[in-house]
Amino acid sequence: MSLRIISKMVIIALLVGLTVPVMAQGPDAVQAGAQSAFADPSQPAGGSSAQSSGSGSTGDFQPAKIEIFLGYSWMNSGDILTGGKAPGKVLTFKLNDAKGGFLVDGSYFFKPWLGFTVDTGGHFGSNYDADEIYAGPTFRWPSSGRMTPFAHFLMGWSRLAPGNREQDDSLGLAIGGGLDFRVSRNFSLRLAQADYEWGSHDFRPNNPSSIQAARLAAGLVFLGGVGEEVPPSSTCSVNPTEIFSGEPVKASVSARNFNPKHTLKYEWTTNGGKIQGQGDTVSIDTTGAAEGQSFTASVNVTDPKNKKAVSHCQAQFATKRWLAPTITCSANPSSVEVGGKVSIHCGAASPQNVAVTVSSSYSGQTASGTDFVVDTTGFPPGTVAVASTVTDTHNLTANTSSSFTVRPPPPPAKVEPPPPTKLELSLALHSVYFVTAQPTTKNPDGGMVASQTKTLEGVAADFKVYLTEYPHATLVLEAHADPRGTDEYNLALTERRAARAKKVLVSHGIPEANIETKAYGKQRELSDEEVKKSVDATPDLTPGERARIAKNMKVIQLAANRRVDITLNSPGRPLQQSVRQYPFNAADALTLIGGREKPKPAPAVKKKGTGATKKAAPATKKAPAAKKAPATKK
């Protein structure tokens, strides 16, 4: 069987075996094959995702798995063979311009860029005929556009039949490539295919041992295994899928089946915050998003250069509920005496591990922090409650309380005052009294009647003796005034009275360092009841005097408050205070109400023997009553 016959059989087999299955395959199978071979099956990692196919298509072409080329082919060798058909006659054959030719290729692509090709063709010229069957690898650029360049390396059988020789079958090869123009989904035009051909044809002795030629072809390419065009699609994801309100969320989209040469446009929206950024990955600020709810992040992916290339997807995320912090507090020790200290310790934490602050209050006081100390000095005995509050960064709070007991201090041991000494018992401390509104600023030594000066002289005499045994003792002079007059006037008046009494004591030998003065004005007025008791306790008043005192009690009450009290203050010894008793027994005591009563005259005595009665001594002339001081003066 000749090589030409074999070539024709291969061409028929290619047409029948390759074209018919391509036309007969169902669209579902084609689509499945195309997607498995050319689609990117990867999914974005992490987060929640949702995939959505877009509307329309990309308008681009998917690479075919099967290509069948049918076209016109021209071959030109340029080699010259010399020989003869008949004896003695020599002919020369130039192997060129085999114009009447065809070429049939069948290719199957294992990958978008790599396939296997079976090539056969026939070329017929006036000087020679040539046929070939080759096979080998084909490499193409799997573009989604219209232009697809390719290259191949083919080897197989080559037949060459010059016009004056017998045909020769031998090994041949073809190296070349070409350019296809995509017309539609299933058809392309091969604009050009150029091959270098070599055959080991040997027509020696007068001819070369191999033949070289150029082969050019063009024609129609049938495409199979393209499948349906996969529409654009996208897959969305968010990470993390659960957050607390205010935490950021990362949203991403993976777009597929778009033209990789075009820059895509991404339009993000969300109902759970604010989109920050642009592109296929953005951040969502969830500040203000409600707790415990689900939200959606959506994106529209479009190709600005192809309005039909559109895809949409969305992904969901949720906010978690913020849990309130917890707190427990305890007091140590649980019971102290007044003045003791108690340590308060609080354990506070947030389930979200955020910072917390602790504040506490007790008995009108406040404290901050998880540990503090309570000083119970000045606390009343009883139970003290400590209220504590913990607050987190979301202003959620929790409360607790602790308590401790404050015990009263034990009663102090009863200390019996030392008994007064004989010297202390001998002291006669008496308050001294002044006349109304005396002394004055012009006469600071006035206002003390003779009887009161005598009283101070006695106090000075006793105190000098007392100082010999207790040199650190002091006499405290506390001056008072009756309630008439202003506060300022009365205070100045009592300062002068205390100074006058001090001057008398100093003049009788008492050191100034042992005398202390205090002026009270009218702050410590004796009550009416206290004055009345003082009158009742005075034993040497006559009934008439008591009657006059009762009738003039208001005058006596005022007089009883114009005084200077004397207190003996000796370290380590009990205080001794002067007797606050108005000196009714003094000769000049009742001048305000007429003075003391005149004694009654003695009865007459008769002489013995004469019957004459001896006349009693004439009665002393009654002194005129002193004028009553005006009541408005001090």
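Values in this document were obtained by computation on a predicted structure and should not be read as measured data.

1. What to know about the state of the cysteines
Turning to step 1, where the next piece is worked out: In the structure shown here, the tally under the stated rule is 2 disulfides.
Turning to step 2, where the next piece is worked out: Disulfide pairing is shown between Cys-236 and Cys-313; the S-S distance is 1.9 Å. Disulfide Cys-236 to Cys-313: torsion about the S-S bond roughly 70 degrees, handedness right-handed. With Cys-236 in strand β12 (residues 233-239) and Cys-313 in strand β19 (residues 306-320), the pair connects residues that are 77 residues apart, well separated along the chain. Here Cys-236 matches Cys-313 in class, with each residue buried.
Turning to step 3, where the next piece is worked out: A disulfide bridge connects Cys-329 with Cys-346, and the sulfur atoms are separated by 2.1 Å. Here the disulfide of Cys-329 and Cys-346 is right-handed, its torsion about the S-S bond being about 110 degrees. In this pair, Cys-329 is assigned in strand β20 (residues 326-332) and Cys-346 in strand β22 (residues 341-349), connecting sequence segments 17 residues apart. A single burial state applies to Cys-329 and to Cys-346, both of which are buried.
Turning to step 4, where the next piece is worked out: Taken N- to C-terminal, the disulfide-bonded cysteines of the protein chain are connected 1-2, 3-4.

2. Some words on the sheet that holds β22
Turning to step 1, where the next piece is worked out: An order of β20-β22-β25 is seen for the 3 strands of this open sheet, with the pairing classed as antiparallel. The open sheet has two edge strands with one neighbour each: β20 and β25 (371-375). Adjacent strand axes in the sheet meet at a mean angle of 20 degrees when their direction is disregarded.
Turning to step 2, where the next piece is worked out: Here β20 runs beside β22; their pairing, made up of 7 bridges, is antiparallel. Looking at β22, one finds that Thr-326 is bridged to Ala-349.

3. Some remarks on unusual backbone geometry
Turning to step 1, where the next piece is worked out: A cis geometry characterises the amide bond from Asn-239 onward to Pro-240, with omega recorded as -5 degrees.
Turning to step 2, where the next piece is worked out: Examined against the element boundaries, Pro-240 turns out to sit in the loop between β12 and β13 (242-244).
Turning to step 3, where the next piece is worked out: Here Asn-257, not a glycine, exhibits a phi torsion of approximately 65 degrees, which is positive.
Turning to step 4, where the next piece is worked out: Its location among the elements puts Asn-257 in the loop between β14 (249-256) and β15 (265-270).
Turning to step 5, where the next piece is worked out: The phi angle at Asn-395 is positive, at roughly 65 degrees, despite the residue not being glycine.

4. Observations concerning the confidence of the model for the protein chain
Turning to step 1, where the next piece is worked out: Confidence in the prediction of the protein chain, expressed as mean pLDDT, is 80, and 76% of residues score 70 or more.
Turning to step 2, where the next piece is worked out: For the stretch residues 610-634, pLDDT sits under 50, and the model shows 41 contacts to residues farther than four places along the chain or on other chains.

How each quantity is defined
Residue positions within a chain follow its written sequence, with the count starting from 1. In keeping with the model being predicted, local features are shown solely for residues with a pLDDT of at least 70 and side-chain atom pairs are shown and tallied solely at 80 or more, while totals for entire chains, interfaces and linings include all residues. Neither water nor hydrogens contribute to the side-chain values; these are computed over all heavy atoms in the structure. Our working definition of a disulfide is a cysteine sulfur pair at a distance within 2.5 Å. Helix and strand definitions follow DSSP, with helices as H or I runs of at least four residues and strands as E runs of at least two, each counted in order from the N terminus. Note on exposure labels: buried denotes an accessible area under 20% of the residue type's maximum, exposed denotes more than 50%, and partly exposed covers the range between, all computed with a 1.4 Å probe on protein chains only. Any two strands between which DSSP finds at least two bridges are classified as paired. For every element, the axis is a line fit to its C-alpha atoms; helices are fit only across the contacting stretch, and the angle between N-to-C directions ranges from 0 to 180 degrees. Known as pLDDT, the predictor's per-residue confidence is scaled from 0 to 100. It only takes one pair of heavy atoms within 4.5 Å for two residues to be counted as in contact.

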